[in-house]
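# Working through the structure, step by step
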Protein chains: 2
Amino acid sequence: MFDKTVYIRRRRTLLDSMREKGQRGIILFVGNVDAPAQYKDNCYNFRQDSSWLYYFGLDEPRYGAVIDIDSGEEVVFADDVEIGDIIWMGPQPSVQSKAESVGVSKSAPYGALEGVVSKALSIGRPVHFLPPSRYYNTMKLASLTGLSHEAVGVVDFTAGKTEHASRELVESVIAMRLIKEECEIEELDAVGALGQEMHTVARNAVKPGVLEQHIVGLMEGVTLSKGWGVSFATILSQHGETLHNHLHDKIIEPGKLLVIDAGAESNSHYASDFTRTLPTGGKFTQKQRDVYQIVCDCNEFAFSITRPGITYREVHIETMRKMLEGLKALDLVRGSIDDMVTEGIAGLFCPHGLGHNMGLDVHDMEDLGENLVGYDPDQKRSSQLGLGSLRMARKLVPGHVITDEPGIYFIPALIDKWKAEGTGKGFVNFDKLKSYYDFGGIRLEDDVLVTPDGARRTGPNRLPIFPDDVEAAMAK
Amino acid sequence: MFDKTVYIRRRRTLLDSMREKGQRGIILFVGNVDAPAQYKDNCYNFRQDSSWLYYFGLDEPRYGAVIDIDSGEEVVFADDVEIGDIIWMGPQPSVQSKAESVGVSKSAPYGALEGVVSKALSIGRPVHFLPPSRYYNTMKLASLTGLSHEAVGVVDFTAGKTEHASRELVESVIAMRLIKEECEIEELDAVGALGQEMHTVARNAVKPGVLEQHIVGLMEGVTLSKGWGVSFATILSQHGETLHNHLHDKIIEPGKLLVIDAGAESNSHYASDFTRTLPTGGKFTQKQRDVYQIVCDCNEFAFSITRPGITYREVHIETMRKMLEGLKALDLVRGSIDDMVTEGIAGLFCPHGLGHNMGLDVHDMEDLGENLVGYDPDQKRSSQLGLGSLRMARKLVPGHVITDEPGIYFIPALIDKWKAEGTGKGFVNFDKLKSYYDFGGIRLEDDVLVTPDGARRTGPNRLPIFPDDVEAAMAK
């Protein structure tokens, strides 16, 4: 938790922003409750709502808050513990003292939230809330507002759809959380270090004969020892071409490429997110190295052009151009690079975007709507494979924290589909691609802070990325 | 997953049981979906519903099933993956083939569940379902049945309250899951071994100066390397008197008692649950050893009388008698042991029950109602502190798997409360207790299988429990 002045300032900025937009009424925040894994008393590790953490800092379940836009009054809602709870949970500070620790002077029982919201609604005052990110919050918001689940938004909320939640509130929150403050950058560097430690432990454990899950457990133990846990479900796969493979049931085989995409979440709930691709036996084959070098060049190139003023959409497109040049040199694609860029040919090899925003969430604020977070008002999302998956396209400004994660994958089902449909015809060398069907995939990812005069990578110890360095590190 | 014959047999037994109870209509099973931690694509490690796992085995999100009690027909509902999913998730077997792998011959899309349920309801056929254990399941069941959230049961379902869910179905499921099959006992022994490995790693790491969270991370890394993860949130605390302390932010200090209550969940989702209490510096003080020995004797005593025919309520009460004898020898209580047993004086020192059922859940089937799971129809739950928290009171039969976990705690807030209210007056030596206010707590827990001629502990390598053995293990 930061000093209370941080939260006071943030709430003040939010209030000013809503007033500048001509908004009236109340802002309703609903913090998370514990999420049962099996039953109500056996829950997953508690994870507070990120926007709640940003404005109120209190990292405990079953909190709510209201900010009155008109009067500026702030109230935190939660229940004090009773004697029965003290036996089980130990003595606890009062809700009032917790509220004061983040600069809120008024508190009330959790149940009182209902009366405050219904009173506001009964006299026609607008109630602004963020789209719910969990099923409980859907039920809670529906119950508080009298709206249906669909109206408040179920969790599988379509990106950018905020017609019932408050569009103005969503935009005000996004504008603030997108630009990281100094105190947040410190947290991001610290959790970068932890993520790098996870990867180092993993790299030291990779060798033929080891179960993938064994390495995953080692990595996750590192972040549980020093942080909250993983910032997302670890991807560790010898089938890197399967982008979201969360099974770890294979034995490491020699001669494969192992994609490890994993990050830490700190106790303060900031995220890191790194990907490295390792030769399972410690040495790349020439064929692996040729493709690896292209991805490595793309990662370096993207970083080199990341600076205030350029859009990340341009960085993505220029990086894909670089990738096509490399693939052309390997005779996997042919023809005019410009034409291939226009046609989105790189999407066959890299069907995801170059990167996403990071912060309190590894895909920062994805619950508020991907497009609202990642696209400027004048930007339209592409429907091309690859570019269409780009989660961050905005014009860069200092304080943006984003990932730089190009990848090349050989996905048999996708190659077959393109070939059958005639997509990429004349550009893609489908014949040569046949010998890559068992190649797998490569992704290389760093986390990047946009600075006033360019960019720097977060986390103190960049993980080895150049092929010789990777081999040297694995030989240790 | 077990062989398909296991699931076929279990569903057949369930069907027969419902028919024997004179039930008609359909049985509706709703498996779990992914639980978002921050947003819909960043979820906690998927945990399937335990009753679903028991009857259908398929360990993937967004499954449902219907068993028609009248015709015996079984259908599994889930969606096949599409090309877009294959790019991200890799090629997947069809739902039909998965259904067949657990002996169900018919499958349909997930969305078809709605029509099947509403058709049954429209012609007045009963729809039997289990109380939901997660918020999503509350919403899903409400949506399928047209009932309110409260009617299908919100997650914080009061123990034993099944007025809207099917009482007959709940009782049939409990009767089956309570008695572990051979294949389940193998799983429980295996996950016992993993839990014991967690504790061994922890014990080796305990020494003054180490952060509690560091040890927690090491333990959890072990179970993530070989299993699904922890079977519940690890308790590791130098304030053992706080029964559910999940903070791990303290440095290990010399001269303290460290309670470690933790268990593993296997990849097959069976649970283990062990508690050991370690002297942080490696040696007990005499004062610590005196209390420790009582708890150790209680653990041994409870095990020694655990056998078919006795109720676990009696085992609890007789163990509390043993505890009072020990406390009397330390002059912490005085007077007639029989009177103290009747008055529930042990509850001041051990405010929880002796144990609970175990299986696919660490508190097995707690989502189905604590009293229905843990109490025979002729048993009434006590309101006494301690005995009132006993989750398993039933007459024991071979195949029950339960925990044996006596504890002694010195809880200042509780002692003060009893003293102020006059509770335990004439029995409790409040003067002598003053010197125990900073003692902390001790709990010692094993997992026990009731066998035809007595009982045996599960897991192959019982963790050191006798004080000399604990000190010897810590000296290694």
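Just so you know, these numbers come straight off a predicted model, no measurement behind them.

### Observations regarding the interface of chain B and chain A
Facing 69 residues of chain B, the contacting portion of chain A comprises 69 residues. Buried area between chain B and chain A, both sides added, is near 5,100 Å², and the carbon and sulfur share of it is 60%. At the junction of chain B and chain A, the tally comes to 23 residue pairs in polar contact (both at pLDDT 80 or more). When residues of the side of chain B that touches chain A are assigned to their parent elements, the largest contribution, nine residues, is made by helix 10 (residues 212-226) of chain B. For the side of chain B that touches chain A, the residue count by class is 30 nonpolar, 23 polar and 16 charged.

### What about the sheet that holds strand 1 (residues 26-30) of chain A?
Neighbouring strands of a sheet are bound in pairs by backbone hydrogen bonds; such pairs are parallel or else antiparallel. All names here are of chain A. Spatial ordering of the open sheet is given by 6-5-4-1-7, a layout of five strands whose pairing is mixed. Unpaired on one side and paired on the other, strand 6 (106-108) and strand 7 (127-129) mark the two borders of the sheet. Neighbour-to-neighbour, the strand axes of this sheet turn through a mean angle of 25°, independent of strand direction.

### What about the relation of the copies chain B and chain A?
Taken as rigid bodies, chain B and chain A are interconverted by a rotation of 180° and an axial shift of 0.0 Å, the fit giving an RMSD of 0.0 Å. What the rotation and shift describe, once combined, is the action of a two-fold rotation axis. Relative to the rotation axis, the closest C-alpha in chain B is found at glycine 221 of chain B, a distance of 1.9 Å. The overlap is high: 100% of the interface residues of chain B also sit at the interface in chain A, so the same surface is used on both sides.

### As for the pattern of salt bridges
Residue and element names in this part refer to chain A. In total, this model carries 76 salt bridges over all chains according to the counting rule given. Close ionic contact of arginine 177 with aspartate 364 constitutes a salt bridge, the shortest N to O distance being 3.2 Å. Highlighted residues: arginine 177 in helix 8 (residues 167-178) and aspartate 364 in the loop between helix 13 (337-343) and helix 14 (370-374), separated in sequence by 187 residues. One exposure class covers both arginine 177 and aspartate 364, and it is buried.

### Examining a negative patch on the surface
Residue and element names in this part refer to chain A. Together, Asp79, Asp80, Glu82 and Asp85 line one region of the surface with negative charge. Along the chain, aspartate 80 turns up in the loop between strand 5 (74-77) and helix 3 (83-89). Among the residues examined, aspartate 80 registers a relative accessible area of 47% and is labelled partly exposed.

### With respect to the confidence of the model for chain A
The share of residues in chain A with pLDDT of 70 or more is 97%, and the mean pLDDT across the chain is 94. The ipTM, which scores confidence in the relative placement of chains, is 0.93 for this predicted complex, and the corresponding pTM is 0.95.

### Description of helix 15 (residues 412-421) of chain B
Residues and elements named next belong to chain B. Along helix 15, the positions that sit buried rather than exposed are Leu414, Ile415 and Trp418. Mapping the buried residues of helix 15 onto a view down its axis gives an arc of 100°, with all of them on the same face. Taken from the residues just after helix 15, glycine 422 is the one with a positive phi, measuring 80°.

### Here's the deal with the environment of tryptophan 228 of chain A
Residue placement: tryptophan 228 of chain A occurs in the loop between helix 10 (212-226) and strand 8 (229-230). Residues tryptophan 228 of chain A and arginine 47 of chain A lie 181 residues apart in sequence; the distance between their C-alpha atoms is 8.8 Å. Once you skip the residues sitting within four places of it in the chain, tryptophan 228 of chain A turns out to touch Asn45, Phe46, Arg47, Thr223, Glu265, Ser266, Asn267 and His269 of chain A together with Tyr44 and Gln213 of chain B. Here the side chain of tryptophan 228 of chain A touches phenylalanine 46 of chain A through a polar contact of 3.0 Å, landing on its backbone oxygen.

### Considerations on the sheet that holds strand 9 (residues 235-237) of chain A
All names here are of chain A. Reading across the sheet, the three strands line up as 9-10-12 and stay open at both edges, with antiparallel pairing between neighbours. Taken across any chain shown, the strands that pair with only one partner, and hence form the sheet edges, are strand 9 and strand 12 (274-279). Going across the sheet, the axis of each strand differs from the next one's by a mean of 10°, ignoring polarity. Relative to strand 10 (residues 257-262), strand 9 runs antiparallel, the two being bridged by three bridges. Across the sheet, isoleucine 235 pairs through a bridge with aspartate 261, a residue of strand 10. Strands strand 9 and strand 10 of the sheet are contacted by helix 10, whose axis makes an angle of about 150° with strand 9.

### Topic: the packing of aromatic side chains
Applying the stated criterion across every chain, the model contains 27 aromatic pairs over all chains. Residues phenylalanine 29 of chain A and tyrosine 55 of chain A carry aromatic rings whose centres are separated by 5.7 Å and whose planes lie at 45° to one another, so their mutual orientation is tilted. Residue phenylalanine 29 of chain A is located in strand 1, and its partner tyrosine 55 of chain A is located in helix 2 (residues 50-56); the two are separated by 26 residues in the primary sequence. For the pair formed by phenylalanine 29 of chain A and tyrosine 55 of chain A, the shared burial category is buried. Linked through ring pairs, Phe29, Trp52, Tyr54, Tyr55, Phe56 and Tyr63 of chain A together constitute an aromatic cluster. Residue placement shows lysine 287 of chain A over the ring face of tyrosine 436 of chain A; its charged tip is 4.3 Å from the ring centre. In this structure, arginine 10 of chain B is placed above the aromatic ring of tyrosine 54 of chain B, and the distance from its NZ or CZ to the ring centre is 3.9 Å.

### Thoughts on unusual backbone geometry
All names here are of chain B. With phi around 65°, arginine 62 is a residue other than glycine that occupies positive phi space. If you trace the backbone, arginine 62 turns up in the loop between helix 2 (50-56) and strand 4 (64-68). If you check the backbone angles, methionine 365 has positive phi at about 65° while not being a glycine. Along the polypeptide, methionine 365 turns up in the loop between helix 13 (337-343) and helix 14 (370-374). Given the relative accessible area of 0%, methionine 365 is considered buried.

### Regarding the environment of lysine 283 of chain A
All names here are of chain A. Locating lysine 283 in the fold gives a position in the loop between strand 12 and helix 11 (286-305). You can call lysine 283 exposed: its relative accessible area is 59%. Measuring from C-alpha to C-alpha, the distance between lysine 283 and isoleucine 411 comes to 23 Å, with 128 residues separating the pair along the chain. Excluding its chain neighbours within four sequence positions, the residues that come into contact with lysine 283 are Gln288 and Glu471.

### Structural notes on the side chain of glutamine 48 of chain B
All names here are of chain B. Of note, glutamine 48 is situated in the loop between strand 3 (42-43) and helix 2. Relative accessible area serves as the criterion here: at 0%, glutamine 48 is assigned to the buried category. Only 3.0 Å separates the side chain of glutamine 48 from the backbone oxygen of glutamate 60, close enough to count as a polar contact. With residues near it in sequence (within four places) discarded, glutamine 48 still touches Gly31, Asn32, Leu53, Leu58, Asp59 and Glu60.

### Structural notes on the packing of helix 11 of chain A against helix 12 (residues 312-329) of chain A
Residues and elements named next belong to chain A. With their axes 9 Å apart at the nearest point, helix 11 and helix 12 run at an angle of 150° to one another. As judged from the angle between their axes, helix 11 and helix 12 are roughly antiparallel. Seen along the crossing, helix 11 lies across helix 12 with a hand that is right-handed. Taken together, the residues of helix 12 that come into contact with helix 11 (itself represented by Ile294, Asp297, Cys298, Phe301, Ala302 and Ile305) are Val315, Glu318, Thr319, Lys322, Met323, Gly326 and Leu327. Residues of the contact of helix 11 with helix 12, tallied by class, amount to eight nonpolar, two polar and three charged.

### So, the environment of valine 315 of chain A
As for its position among the elements, valine 315 of chain A is in helix 12. Each C-alpha atom, one on valine 315 of chain A and one on glycine 386 of chain A, is 13 Å from the other, the two residues being 71 residues apart in sequence.

### A short note on the pairing of strand 12 (residues 274-279) of chain B
For a regular strand, side chains alternate in direction, first toward one face of the sheet and then toward the other. Residue and element names in this part refer to chain B. Along strand 12, six of the six residues are buried, which leaves the element largely enclosed by surrounding structure. In terms of strand pairing, strand 10 (residues 257-262) meets strand 12 through six bridges, oriented antiparallel. Directly across from isoleucine 260, in strand 12, lies its bridge partner arginine 276.

Rules of the game
- Residues numbered from 1 in each chain as written.
- Chains lettered and ligands numbered in written order.
- Predicted model: local features only at pLDDT ≥ 70, side-chain atom pairs only at ≥ 80, totals over all residues.
- Heavy atoms only, no water.
- Contact = heavy atoms within 4.5 Å.
- Buried area = accessible area lost by both parts, 1.4 Å probe.
- Polar contact = N/O pair within 3.5 Å; in protein donor to acceptor, adjacent residues only side chain to side chain.
- Helix = DSSP H or I, 4+ residues; strand = E, 2+ residues; numbered from the N terminus.
- Nonpolar A, V, L, I, M, F, W, Y, C, P; charged D, E, K, R; others polar.
- Pairing = 2+ DSSP bridges.
- Axes fitted to C-alpha atoms, helices over the stretch in contact; angles between N-to-C directions.
- Least-squares fit on C-alpha atoms with pLDDT ≥ 70 in both.
- Salt bridge = Lys/Arg side-chain N within 4 Å of Asp/Glu carboxyl O.
- Buried < 20%, exposed > 50% of the residue type's maximum accessible area, 1.4 Å probe, protein only.
- Patch = residues over 30% accessible without salt bridge, like charges linked within 9 Å, V, L, I, M, F, W, Y side chains within 5 Å.
- Areas by Shrake-Rupley, 256 points an atom, 1.4 Å probe, with all protein chains shown as cover.
- Lys, Arg positive; Asp, Glu negative; His and termini not counted.
- Charge placed at Lys NZ, Arg CZ, Asp CG, Glu CD.
- pLDDT = per-residue confidence, 0-100.
- Arc of directions from axis to C-beta.
- Phe/Tyr/Trp six-rings, centres within 6.5 Å; stacked < 30°, edge-to-face > 60°.
- Lys NZ or Arg CZ within 6 Å of the ring centre and 35° of its normal.
- Parallel < 35°, antiparallel > 145°, perpendicular 65-115°, else oblique.
- Left-handed = near helix turned anticlockwise from the far one by under 90°.

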